[in-house]
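So you can see what is in the structure, the chains are spelled out below.
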Amino acid sequence: MNRRDLFAAAAGATLLPVLAAPARAGTVSGDTAPTGSLEVVAEFYGPGPSGIAVTPDNRIFIGFPRHAENHSKATLAELKGDVLVPYPDAALSLPSSAAPDRRLISIHGMTTDSQGRLWAIDDGKIVGRPIAPGAAKVVGIDPATDRLIASVVLKPPAMRPDSHMNDLRVDLTHGARGTAYVADSSFGTSPALVVVDIATGRQRRVLADHPSVQAEKGFLTVLEGRPLRYDPEHPTFPIGGVDSITLSPDSALLYYSPLTSRRLYSIPTALLSNFDATEEQLAAGVTDHGEKVMTDGLATDAQGRIYLTASEHDAIMRWIPDGTIEVVVRDPRIVWPDGIFATRTHVYCTLGQWNRLAGFNGGRDLRQPPYLLVRTPITPPIREDQT
């Protein structure tokens, strides 16, 4: 009698054949299955895209920054069919010998204001070089005329040598010509919000010491199956302080979040735009809305729902004001979703694959062009009377 028979006899049990039933496949994680509808709007084989903005008449604008790759293509372009056209013209958008304050250097975050005008943050950074005076600026363009309506150079002390002017939103309810709120996520470890009065150029750096703008110490993420720990001295994934930023539909609140964090914060714009408000008053006005997912971009729809780029989950999600989070779309092609923009009918997002840059992967560039601009429908679409 063999050992298996001995154990069975001792237990008085009846042996069943090991393969009595047909073999079955193992269970499969639901995370492997795409959810929602993803449409590829454009494929890019040149530099990686970042900022995205769509006007009310569906003109699409994309930013191609130079802080990670010193490319010779347009840093701001309009997508016309399947062609990228330098915007507002080649002289401003392509590299040239013009002074840094007279051209676009490195367009990053983008948005539109409540009048449908285009705004962009020029982070002023070319990889491997210090930021030149005049290079970092808030830029406004009227798509109706394709002409500049504003170019506000960011200066010390609002601007720092290690600043990474990452994204912006423009509030037309405060200031004679509006107020811009800029997320300086920092190329170093000194993030802050920067407030700019567009009419006067007055600007200041705020909440620099507040926990709501800081990268979270000990932060752990999992990207493409790799557990990665926050290390500002030897980063293995894109890191930084306050980065994601968006306004409520009525511009009464500015929502924001550090890149290296999973928390969502807000502050009233009436307070933030007040240049007489003290740091203590600003800090007291910050609301912690609790945990969300790690995000590189936020966008608000007309119903006040906030769309979240969710790099850890290959997804775009949505935060509801009651704190609920929904999955809008999940797809393996969503590799490091970056810039995001919500229209009445769709959410647009650029996929720059920034976590695959050589600097995060032992000198190996793991990006795989084409880079994508995608969109997913808002279901049901937002009615005209809700915008």
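Preceding this paragraph is the structure being described.
In this text, all values refer to a predicted model and were calculated from it rather than measured experimentally. (Residues numbered from 1 in each chain as written. Predicted model: local features only at pLDDT ≥ 70, side-chain atom pairs only at ≥ 80, totals over all residues. Heavy atoms only, no water.)

1. What about the packing of aromatic side chains?
Line of reasoning, step 1. One pass over the full model with this rule turns up four aromatic pairs.
Line of reasoning, step 2. On the basis of an interplanar angle of 25 degrees and a centroid distance of 5.8 Å, the ring pair of Tyr 256 and Tyr 265 is categorised as stacked. Side by side, Tyr 256 and Tyr 265 carry an identical accessibility label, which is buried.
Line of reasoning, step 3. Cation over ring: Lys 125 sits above Phe 187, and NZ or CZ is 5.7 Å from the ring centre. (Phe/Tyr/Trp six-rings, centres within 6.5 Å; stacked < 30°, edge-to-face > 60°. Buried < 20%, exposed > 50% of the residue type's maximum accessible area, 1.4 Å probe, protein only. Lys NZ or Arg CZ within 6 Å of the ring centre and 35° of its normal.)

2. Some words on the sheet that holds strand E20 (residues 298-300)
Line of reasoning, step 1. Across the sheet, which stays open at both edges, the four strands sit in the order E20-E21-E22-E23 with antiparallel pairing between neighbours. One side of each edge strand has no neighbouring strand; the edge strands of this open sheet are E20 and strand E23 (325-330). Going across the sheet, the axis of each strand differs from the next one's by a mean of 25 degrees, ignoring polarity.
Line of reasoning, step 2. The pairing of strand E21 (residues 306-310) with strand E22 (residues 315-319) spans five bridges and is antiparallel. Counted as the bridge partner of Ala 310 is Ala 315 from E22. (Pairing = 2+ DSSP bridges. Helix = DSSP H or I, 4+ residues; strand = E, 2+ residues; numbered from the N terminus. Axes fitted to C-alpha atoms, helices over the stretch in contact; angles between N-to-C directions.)

3. Here we look at empty space enclosed by the protein
Line of reasoning, step 1. Applying the stated criterion across every chain, the model contains two cavities of 30 Å³ or more.
Line of reasoning, step 2. If you add up the space inside the largest cavity, you get close to 110 Å³.
Line of reasoning, step 3. Looking at the largest cavity, it is lined by 16 residues, and the ones nearest its centre are Gly 109, Asp 167, Asp 338, Gly 339 and Ile 340.
Line of reasoning, step 4. Partitioned by chemical class, the residues of the lining of the largest cavity number four nonpolar, seven polar and five charged.
Line of reasoning, step 5. If you add up the space inside the second largest cavity, you get close to 40 Å³. (1 Å grid on protein atoms, 1.4 Å probe; cavity = no way out; pocket = protein on both sides within 12 Å on 5 of 7 lines; lining within 4 Å. Points joined across faces, edges and corners; volume = space filled by probe spheres on them. Nonpolar A, V, L, I, M, F, W, Y, C, P; charged D, E, K, R; others polar.)

4. Some thoughts on the side chain of Ser 106
Line of reasoning, step 1. Of note, Ser 106 is situated in the loop between helix H2 (90-93) and strand E6 (107-112).
Line of reasoning, step 2. Judged by its relative accessible area of 0%, Ser 106 falls in the buried class.
Line of reasoning, step 3. Polar contacts involving the side chain of Ser 106 include one to the main-chain carbonyl oxygen of Lys 125, which spans 3.5 Å.
Line of reasoning, step 4. Apart from the residues lying within four places of it in its own chain, the contact partners of Ser 106 are Pro 65, Arg 66, His 67, Thr 75, Ile 121, Asp 122, Asp 123, Gly 124 and Lys 125. (Polar contact = N/O pair within 3.5 Å; in protein donor to acceptor, adjacent residues only side chain to side chain. Contact = heavy atoms within 4.5 Å.)

5. Things to note about the side chain of Ser 251
Line of reasoning, step 1. Its location among the elements puts Ser 251 in the loop between strand E16 (242-247) and strand E17 (253-258).
Line of reasoning, step 2. For Ser 251, the contacting residues outside a window of four places in its chain are Asp 171, Thr 173 and Thr 269.

6. Quick word on the sheet that holds strand E8 (residues 137-142)
Line of reasoning, step 1. A sheet is described by the order of its strands in space; here four strands give the open sequence E6-E7-E8-E9, paired in antiparallel fashion. One side of each edge strand has no neighbouring strand; the edge strands of this open sheet are E6 and strand E9 (147-153). Averaged over all pairs of adjacent strands, the angle between their axes in this sheet comes to 20 degrees, without regard to strand direction.
Line of reasoning, step 2. As paired strands, strand E7 (residues 118-122) and E8 are joined by five bridges and run antiparallel to one another. Pairing of Ile 121 across the sheet is with Val 138, part of E8.

7. Some details on the pairing of strand E26 (residues 371-377)
Line of reasoning, step 1. A large share of E26 lies buried, amounting to five of its seven residues.
Line of reasoning, step 2. Two elements, strand E1 (residues 39-44) and E26, share five bridges in a ladder whose sense is antiparallel. Its bridge partner lying in E26, Ala 42 is registered against Leu 373.

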